[in-house]
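Okay, here's what each chain looks like letter by letter:
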Amino acid sequence: MKIFKDKHTLQKEILKTKGISFVPTMGGLHEGHISLIKQSKKTKLKTLVSIFVNPKQFNKKSDFKSYPRNTKKDIKQLKKLKINYLYIPTFKDIYGFKPKKKVFLDKFSKKLCGKFRKGHFEGVLNVVNRFIEIIKPRYIFLGKKDYQQLYLIKKHIEKRKIKSKIVECKTIRENNGIACSSRNSNLNKNQIKIASNIFYYLRNLKKKIKKNNNLFKVNKIKEDLRNLGATKIDYLENYNTKSFKKIKKLNKKFNLFFAYYIKNTRLIDNI
Ligand code: PAF
């Protein structure tokens, strides 16, 4: 595994390859990332993983500071996985140039997380657009846990006629049902139990509301979630995952999207 901190050296190296399968991350690697990497390795192209905690996608300084970082452990794990390239850029390497393409931000960026984290998706698209210009990957692997992010990146790629293909990867869950996330490492044992109970509660709820539309009473559900230990609920909404239209009749295909806090840790998921 070759490690790069500078885009010019990286570009020189990848010019020699037949193409790149790219797994962008902010480090704090977990089973979800590992699954993305394993799928990337199946493409037979060289796999490049990036680790960059992008300050522009955090709407609160405190959240940026407390975001889990463990680069040493990440490097060890990536070596074991035998990826080809690891790119750990500095801020200047990413933001010290003017990208050729302008970011396209679909209007869906104003919904769900976009409503509660001002500037978050602008920050995500900004960094992803820059990574794409530096790396020009053939494939980009993204997890469905961050479905809104995945959708918005796809829309940007479509609109700007970028040649990279997004590979949508299923959400990987811990044994207790919680979606793997770097943020889980900020939870204590009791908080993990709460997150797990909330997952099972919402999964059962989805099954029930598929049969009986009238059971989707948001305020009552939010109250139940608070009783289960959620500190604050940002949103709980149903959307069709293809069209991202709000669902009126819940017997149609939909996902339940939610974001909530346990103390200071914000968790998102969709089931
Ligand atoms: O999902 C993430 O880890 C980040 O949002 C991404 C795609 C690496 C951009 O910083």
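Please refer to the structure higher up on the page.
Residues numbered from 1 in each chain as written. Predicted model: local features only at pLDDT ≥ 70, side-chain atom pairs only at ≥ 80, totals over all residues. Heavy atoms only, no water.

J.: Before we go on, may I ask you to explain the overall build of the chain in this structure?
T.: Looking only at helices and strands, one finds 10 helices and 9 strands in the chain. Dimensions along the principal axes, computed over C-alpha positions, put the chain at roughly 60 × 40 × 35 Å. Put simply, the chain has 271 residues, and 54% of those count as buried. Sequence separation of at least 24 residues holds for 73% of the intrachain contacts in the chain that already meet a minimum separation of 6. Here the chain holds 70 positive side-chain charges and 18 negative ones, and the gap between their average locations is 3 Å. (Helix = DSSP H or I, 4+ residues; strand = E, 2+ residues; numbered from the N terminus. Buried < 20%, exposed > 50% of the residue type's maximum accessible area, 1.4 Å probe, protein only. Contact = heavy atoms within 4.5 Å. Lys, Arg positive; Asp, Glu negative; His and termini not counted. Charge placed at Lys NZ, Arg CZ, Asp CG, Glu CD.)

J.: Help me understand the sheet that holds strand E2 (residues 20-25) in this model?
T.: Each strand in a sheet pairs with another by means of backbone hydrogen bonds, the pair being arranged parallel or else antiparallel. Taken in spatial order, the 6 strands line up as E1-E4-E3-E2-E5-E6 in an open sheet, and their pairing is parallel. The open sheet is flanked by strand E1 (2-4) and strand E6 (165-169), the only strands paired with a single partner. Going across the sheet, the axis of each strand differs from the next one's by a mean of 25°, ignoring polarity. Alignment of strand E5 (residues 139-143) against E6, held across 5 bridges, turns out to be parallel. Directly across from Ile140, in E6, lies its bridge partner Ile166. (Pairing = 2+ DSSP bridges. Axes fitted to C-alpha atoms, helices over the stretch in contact; angles between N-to-C directions.)

J.: Would you mind going over the site of the ligand with me for this structure?
T.: Contacts to the ligand come from Pro24, Thr25, Met26, Gln57, Val127 and Gln149. Between the ligand and the protein, one listed contact pairs an oxygen atom with a side-chain N or O atom of Gln57 at 2.6 Å. At 2.7 Å from an oxygen atom of the ligand is found a side-chain nitrogen or oxygen belonging to Gln149. A total of 290 Å² of accessible area belongs to the ligand in isolation, and the protein chains cover 90% of it. (Near = heavy atom within 4 Å. Polar contact = N/O pair within 3.5 Å; in protein donor to acceptor, adjacent residues only side chain to side chain. Areas by Shrake-Rupley, 256 points an atom, 1.4 Å probe, with all protein chains shown as cover.)

J.: Help me out: how do you make sense of the pattern of salt bridges in this one?
T.: When the charged atoms of two side chains with opposite charge come close together, those side chains can pair. All chains considered together, the criterion is met by 13 salt bridges. One salt bridge connects Lys7 with Asp93, and the closest N-O pair in it is separated by 3.5 Å. Within this pair, whereas Lys7 is found in helix H1 (residues 7-14), its partner Asp93 is found in helix H5 (residues 91-95), the two being separated by 86 residues in sequence. Each of the salt bridges in this network shares a partner with another, and the network as a whole consists of Lys2, Glu13 and Lys16. (Salt bridge = Lys/Arg side-chain N within 4 Å of Asp/Glu carboxyl O.)

J.: So what exactly am I meant to see when it comes to the nonpolar core here?
T.: Nonpolar side chains tend to gather and get buried jointly when the protein is soluble and globular. If you look at the biggest cluster of nonpolar residues, it comprises 38 residues, and the most contacted ones within it are Leu48, Tyr87 and Ile135. Those residues in contact with Leu48 that sit more than four places away from it in its chain are Leu10, Ile14, Ile20, Ser21, Phe22, Val23, Tyr85, Tyr87 and Ile135. Judged by nonpolar contacts, the second largest core, of 23 residues, contains Ile178, Ile198, Phe216 and Leu267. (Core = buried A, V, L, I, M, F, W, Y, C linked by side-chain atoms within 4.5 Å.)

J.: Just to check I follow, could you spell out the state of the cysteines for this structure?
T.: Each disulfide consists of one covalent bond between the sulfur atoms belonging to two cysteines. Summed over the entire model, instances satisfying the criterion amount to 0 disulfides. For Cys180, which is in no disulfide, the shortest distance to another cysteine sulfur is to Cys169 and amounts to 13 Å. (Disulfide = S-S within 2.5 Å.)

J.: How should I be thinking about the layout of surface pockets in this particular structure?
T.: A probe matching the size of a water molecule, rolled over the atoms, marks out where space remains unfilled. Approximately 410 Å³ is the volume attributed to the largest pocket. Taken together, 17 residues line the largest pocket, and the ones lying closest to its centre are Lys144, Tyr147, Glu168, Thr241 and Asn255. At 6 residues, helix H8 (residues 147-159) tops the list of elements feeding residues into the lining of the largest pocket. Of the residues in the lining of the largest pocket, the class split is 4 nonpolar, 4 polar and 9 charged. (1 Å grid on protein atoms, 1.4 Å probe; cavity = no way out; pocket = protein on both sides within 12 Å on 5 of 7 lines; lining within 4 Å. Points joined across faces, edges and corners; volume = space filled by probe spheres on them. Nonpolar A, V, L, I, M, F, W, Y, C, P; charged D, E, K, R; others polar.)

J.: What exactly am I supposed to notice about the packing of H1 against helix H7 (residues 120-135) here?
T.: A pair of packed helices is characterised by two quantities: the angle between their axes and the separation of those axes. Between H1 and H7, whose axes approach to 9 Å, the crossing angle comes to 50°. By the criterion of interaxial angle, the relationship of H1 to H7 is oblique. Within the contact between the two elements, H1 uses Lys7, Leu10, Gln11 and Ile14 and H7 uses Glu133, Ile134 and Ile135. Of the residues that constitute the contact of H1 with H7, the class distribution is 4 nonpolar, 1 polar and 2 charged. (Parallel < 35°, antiparallel > 145°, perpendicular 65-115°, else oblique.)

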